[in-house]
Every structure is written in structure tokens, then in C-alpha cells.
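# Structural features, examined
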Amino acid sequence: MADVVKNVDSERLARILPEAIRAIHQVIESHGVTEEEWMAVLGFLTEVGKQDEFVLLSDVTKTSVLVDAISHEGETDVTPSDVEGPLYRENPPWREKPVKIYEEYEGAQKGDVLFVSGRVTSADGSPLSGAVLDIWQTGPDGGYDIWDERQPEYNFRGRFGVDEDGGYEFQTMVPKPYTIPTDGPAGRLLEASGQHPWRPAHIHFKVEAEGHELLVTQVFFPDDPYLDDDTIGAVKSSLIRPLTRHESEEESARRGLEAPFYTCEFDIALKPAMSAARA
Ligand code: MBD
Ligand code: FE
């Protein structure tokens, strides 16, 4: 608690905390929550902590989406932000050009190769040649590297820079819809509330550039069955980008591939940092 308080304006905390506690008391009172039930709640939260699922709990209760919306309200001319989620890993490998964020592994043959490209600019369209992208996503079958024993460490993750004109491209595979972990307390909460655990296919982006606010966002693809029914409710229509299929053998050969592949374009505009805007 001490660490938390240190980071928060204590006057603000003094205003919010009593109201938050009052809200909980009101629910307990209006439903006549029993001692046994309250102990079950505390046991549940203890499990959430032990299994490191507080971020996931925030996500599945759609609290993360709410906080994201409030934090970025009214932003225009920039790429919309989105929830970070619990699956980011610090210090992913730096990937040199031509950027490829995965290694071949057993099972990857079942997926389709995807090249994602675009330009990183400031809100006014000027290129940000010093921008760094940090990507993470699930493989084409199975989830994130940390759960998929076939995948090498940090597979489908990576950091890399952009070109002089802000342009970037990386090779990955088309992600598929997948279920968030269901074997812990967040999964039990979903089940108890009749909510399915599926998320639409997505690619996570963290993008940083000097003088600009860090952008954390996700990209989605059309025709995904869970676009309107994401278990964490994080889909923004402005973050859906089409996948283009390339059938030509010649094009595939030029990319060093033996099968058709996909491309997807995602341009990224960052918000100038407050201090830079004033200067
Ligand atoms: C995910 O893969 C994710 O992206 C989020 C935001 C929450 C849970 C699982
Ligand atoms: Fe994710």
C-alpha cells in the first residue's frame, strides 16, 4: 500500500478512497452479504493475487477498458490507445531488419505468414525516424509463448526501430481468436457470470518516440467472430485493419516463401508530449 500511496496525489486519494469503500458497503448492505460470502470474496481476491491475475481481473470486468477510455478521452489526430493486458513481457529481443518476430516451430505450418507495415508519425504527419516498436501476440494456434511449450522463448514478441521516413515492416503470422487463461480465479469469475473467455485475434503494439506520449494499442482484423463480443470489450472499430491475401507464387518466392501470405497496413500517429506541445 505504501508504494501505491507514494505514486498518487494523496488529496485525490483521500477523496476517492472513502467513496470506493462506501460503494462496497452499499452493495454488501443492499444484498445482505453474509460473513461466509464475504470470506469467500476475500479468498477469491487472495487467489487473484497469488496467481498474479489482478490485471486480468481488471480486464475481464471491463474496468481496464473504462480507464483507457477516460485516460485518452477527446484525443484526435492520433492512433487510438487500447488495453495493455497481462501478457506483455519486459525486454523482448531486439529484431534487426528484415524484422521477423518468430522462429519456425512445430505447428507453425498451420498458420499463414503476415507482413505488417506502416509509418510512425507525429499527430501532424511528420515522420518519427527515432520511433521504436514493441510487438507481442499469440501464435497462429495456441496462445502466447509463455503457455505454448512448442514455441521458443519470446516467440511472437520483439522490439525494432523504424526507417528514416518512419516506415516499418515486420514478418509475423496471422493470429487467431483465442481464450484467455481460464484455469485461475479470473476464469472462475467468467464462468460464474456466464461470460465466455474468447478474445478476437489481435496484435499488441507499444510505440515510443522522443517528445511523444507512449502509445499502447492493439490491431484487429475484419470478420473475426469476436469483434462484437470480446471478453474484455477492448475492440475499437478504428483499430480494425484489413488483411490482404497474396496468391502469386512469384510474389511469395520474392519473399522467400512457398505459400500464399498476407499483408496488413497500420500507420501510427503519436501524441506530442505535454511539455513538447508547450515548447
Ligand atoms: C489478452 O491476450 C489480452 O490482450 C488482454 C488485454 C487481456 C487478456 C488476454
Ligand atoms: Fe493479447
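As shown above, the structure is provided for reference.
Computed from a predicted structure; not experimentally measured.

For any two helices packed against each other, the geometry is given by the interaxial angle and the distance between the axes. Where helix α3 (residues 35–50) meets helix α6 (residues 185–192), the closest approach of the two axes is 9 Å, and the angle between their N-to-C directions is 135°. In terms of orientation, α3 lies oblique with respect to α6. Together, Phe 44, Glu 47 and Val 48 of α3 and Pro 185, Arg 188 and Leu 189 of α6 make up the contact between the two elements. A breakdown of the residues in the contact of α3 with α6 according to their chemical character gives four nonpolar, no polar and two charged.

Okay, the pattern of salt bridges next. Considering all chains together, one arrives at 16 salt bridges under this definition. Across the pair Lys 110 and Asp 141 runs a salt bridge whose closest N-O atoms are separated by 3.3 Å. With Lys 110 in the loop between β1 (99–100) and β2 (113–122) and Asp 141 in the loop between β3 (132–137) and β4 (157–161), this residue pair connects regions lying 31 residues apart in the sequence. Taking relative accessible area as the criterion, Asp 141 reaches 19% and is therefore assigned buried.

By the secondary structure assignment, Lys 206 is in strand β8 (residues 203–208). By relative accessible area, which is 14% here, Lys 206 ends up buried. A distance of 3.3 Å separates polar atoms of two side chains, one belonging to Lys 206 and the other to Glu 84.

Let us now look at the sheet that holds β3. Reading across the sheet, the four strands line up as β4-β3-β8-β9 and stay open at both edges, with antiparallel pairing between neighbours. Of all the strands in the sheet, just β4 and β9 (215–219) have a single pairing partner and so form its edges. Direction aside, the axes of adjacent strands within the sheet are offset by 20° on average. As paired strands, β8 and β9 are joined by five bridges and run antiparallel to one another. Following the sheet pairing, Phe 205 is matched in β9 by Thr 217.

Reported here for the largest pocket is a volume of approximately 290 Å³. Glu 104, Gln 109, Val 113, Met 173 and Leu 257 are the residues nearest the centre of the largest pocket, which is lined by 16 residues in total. The residue makeup of the lining of the largest pocket, split by class, is eight nonpolar, four polar and four charged.

Residues Lys 97 and Pro 98 are joined by a peptide bond in cis, for which omega reads -10°. Residue position: Pro 98 is located in the loop between α5 (63–71) and β1. At Lys 62, a position not held by glycine, the phi torsion is positive, near 60°.

Moving on, we come to the packing of aromatic side chains. Evaluated as defined, the whole model comprises twelve aromatic pairs. Where Tyr 168 meets Phe 170, the ring centres are 6.2 Å apart and the plane angle is 20°; that geometry is what we call stacked. Look at Phe 170 and you get buried, because its relative accessible area is 0%. Arranged with centres 4.9 Å apart and planes meeting at 65°, the rings of Phe 205 and Phe 266 form a pair that is edge-to-face. Linking Phe 205 in strand β8 with Phe 266 in the loop between β11 (261–265) and β12 (268–270), this pair joins segments that are 61 residues apart in sequence. Note on accessibility: Phe 205 and Phe 266 belong to one class, buried. Members of the aromatic cluster, connected to one another through ring pairs, are Phe 160, Tyr 168, Phe 170, Phe 205 and Phe 266. One cation-aromatic arrangement involves Lys 206 over Tyr 88; the distance from NZ or CZ to the ring centre is 3.9 Å. Positioned over the ring face of Phe 115 is Arg 255, at 4.0 Å from the centre of the ring.

For the rest of this paragraph, the subject is the environment of Pro 175. Its location among the elements puts Pro 175 in the loop between β5 (167–173) and β6 (178–179). Here Pro 175 falls in the buried class, since its relative accessible area comes to 3%. Those residues in contact with Pro 175 that sit more than four places away from it in its chain are Leu 114, Gln 137, Thr 138, Gly 139, Ala 201, His 202, Ile 203 and Phe 221.

Looking now at the site of ligand 1. Among the 14 residues in the neighbourhood of ligand 1, the closest are listed as Tyr 178, Arg 199, His 202, His 204 and Ile 232. Side-chain polar atom of Tyr 178 to an oxygen atom of ligand 1: 2.2 Å apart, as the coordinates give it. Contact between ligand 1 and His 202: an oxygen atom at 3.1 Å from a side-chain N or O atom of the residue. For ligand 1, the accessible surface in isolation is 260 Å², of which the surrounding protein chains cover 100%. For the shell around ligand 1, the per-class residue count stands at eight nonpolar, four polar and two charged.

Basis of the calculations
- Residues numbered from 1 in each chain as written.
- Chains lettered and ligands numbered in written order.
- Predicted model: local features only at pLDDT ≥ 70, side-chain atom pairs only at ≥ 80, totals over all residues.
- Heavy atoms only, no water.
- Axes fitted to C-alpha atoms, helices over the stretch in contact; angles between N-to-C directions.
- Helix = DSSP H or I, 4+ residues; strand = E, 2+ residues; numbered from the N terminus.
- Parallel < 35°, antiparallel > 145°, perpendicular 65-115°, else oblique.
- Contact = heavy atoms within 4.5 Å.
- Nonpolar A, V, L, I, M, F, W, Y, C, P; charged D, E, K, R; others polar.
- Salt bridge = Lys/Arg side-chain N within 4 Å of Asp/Glu carboxyl O.
- Buried < 20%, exposed > 50% of the residue type's maximum accessible area, 1.4 Å probe, protein only.
- Polar contact = N/O pair within 3.5 Å; in protein donor to acceptor, adjacent residues only side chain to side chain.
- Pairing = 2+ DSSP bridges.
- 1 Å grid on protein atoms, 1.4 Å probe; cavity = no way out; pocket = protein on both sides within 12 Å on 5 of 7 lines; lining within 4 Å.
- Points joined across faces, edges and corners; volume = space filled by probe spheres on them.
- Phe/Tyr/Trp six-rings, centres within 6.5 Å; stacked < 30°, edge-to-face > 60°.
- Lys NZ or Arg CZ within 6 Å of the ring centre and 35° of its normal.
- Near = heavy atom within 4 Å.
- Areas by Shrake-Rupley, 256 points an atom, 1.4 Å probe, with all protein chains shown as cover.

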